[in-house]
Amino acid sequence: MNQASDFQLHDRLARDTISLGRSRLCEIRLMNDRTWPWVLLVPAIAGIREIYELAPEQQQRLIEESSMLSQGMMDAFDGDKMNVAALGNMVPQLHLHHIVRFEGDPAWPGPVWGVQPPEGYSEQELAAVRAQLAPLLERLA
């Protein structure tokens, strides 16, 4: 298995997201779209495309981090539903999307992909989201 020291974030993820830090296993990235609270976990293991390619202990850690992130985001943003997905059709590098959904949001009840162009965060909005997520990010570290 490839080591974390060889890990490089896919260019598209680097371009479309903002770093929120690291967990024990993953890069934590905020999708630069203010429409939805949307955070990605990207296992910092080179060459991984699918969850089953991770070692069993890494798979377990990913599920733990994803569950903690999901609950923390729902608590922080008081959503109606948490969407978690690992599609990888556009970006082959393994990454898990965590999207807080609200009844009546622009894509409800369908998926968020392709509904509208992303609306980037302003500096003030980004600071507010970082502050809202700070306690959760500390627990994930």
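If you're wondering where the values come from, they're calculated on a predicted model, not measured in any experiment.

Draft legend 1. Structural view of the sheet that holds strand β2 (residues 26–31). Here 5 strands make up an open sheet; going across it, the order is β1-β2-β3-β5-β4 and the pairing antiparallel. Of all strands in the sheet, those with a lone pairing partner are β1 (17–22) and β4 (81–85), marking the two edges. Mean inter-strand twist for the sheet, computed between neighbouring axes without regard to direction, equals 25°. As judged from the 5 bridges shared by β4 and strand β5 (residues 96–101), these two strands associate in the antiparallel manner. Residue pairing for β5: N83 is matched across the bridge by I99. Relative to β5, helix α2 (residues 56–77) is tilted by about 20°, and along the sheet it contacts β2, β3 (38–43), β4 and β5. The sheet contacts of helix α3 (residues 123–140) involve β1, β2 and β3, and relative to β1 the element is tilted by about 30°.

Draft legend 2. Quick peek at the pairing of β3. In terms of residue burial, β3 counts as a mostly covered element, since 6 of its 6 residues are buried. On β3, burial covers both faces: W38, L40 and V42 on one face and V39, L41 and P43 on the other are all buried. As paired strands, β2 and β3 are joined by 5 bridges and run antiparallel to one another. Within the sheet, the bridge partner assigned to E27 lies in β3 and is V42. Looking at chain direction, β3 and β5 are connected through 4 bridges and run antiparallel.

Draft legend 3. View of a negative patch on the surface. A surface patch of like charges, here negative, comprises D75, D78, D80 and E103. Its location among the elements puts D78 in the loop between α2 and β4. Classification of D78 as exposed rests on a relative accessible area of 62%.

Draft legend 4. Examining the pairing of β2 more closely. Burial analysis of β2 places 6 of its 6 residues in the buried class, the great majority of the element. The alternating pattern of β2 places C26, I28 and L30 on one face and E27, R29 and M31 on the opposite face, and all of these are buried. Here β1 runs beside β2; their pairing, made up of 5 bridges, is antiparallel. Within β2, the position partnered with I18 by the bridge is L30. What sits between β1 and β2 in their antiparallel hairpin is a turn of 3 residues. Connecting the antiparallel pair β2 and β3 is a turn made up of 6 residues.

Draft legend 5. Quick peek at unusual backbone geometry. The linkage connecting W108 with the following residue, P109, adopts the cis geometry, with an omega of 0°. In this structure, P109 sits in the loop between β5 and α3.

Draft legend 6. Expanded view of the layout of surface pockets. Roughly 490 Å³ of internal volume is contained in the largest pocket. The element that contributes the greatest number of residues to the lining of the largest pocket is helix α1 (residues 11–16), accounting for 3 residues. Taken together, the residues of the lining of the largest pocket sort by class into 11 nonpolar, 7 polar and 3 charged.

What counts and how
Residues numbered from 1 in each chain as written. Predicted model: local features only at pLDDT ≥ 70, side-chain atom pairs only at ≥ 80, totals over all residues. Heavy atoms only, no water. Pairing = 2+ DSSP bridges. Helix = DSSP H or I, 4+ residues; strand = E, 2+ residues; numbered from the N terminus. Axes fitted to C-alpha atoms, helices over the stretch in contact; angles between N-to-C directions. Contact = heavy atoms within 4.5 Å. Buried < 20%, exposed > 50% of the residue type's maximum accessible area, 1.4 Å probe, protein only. Patch = residues over 30% accessible without salt bridge, like charges linked within 9 Å, V, L, I, M, F, W, Y side chains within 5 Å. Areas by Shrake-Rupley, 256 points an atom, 1.4 Å probe, with all protein chains shown as cover. Salt bridge = Lys/Arg side-chain N within 4 Å of Asp/Glu carboxyl O. Lys, Arg positive; Asp, Glu negative; His and termini not counted. Charge placed at Lys NZ, Arg CZ, Asp CG, Glu CD. 1 Å grid on protein atoms, 1.4 Å probe; cavity = no way out; pocket = protein on both sides within 12 Å on 5 of 7 lines; lining within 4 Å. Points joined across faces, edges and corners; volume = space filled by probe spheres on them. Nonpolar A, V, L, I, M, F, W, Y, C, P; charged D, E, K, R; others polar.

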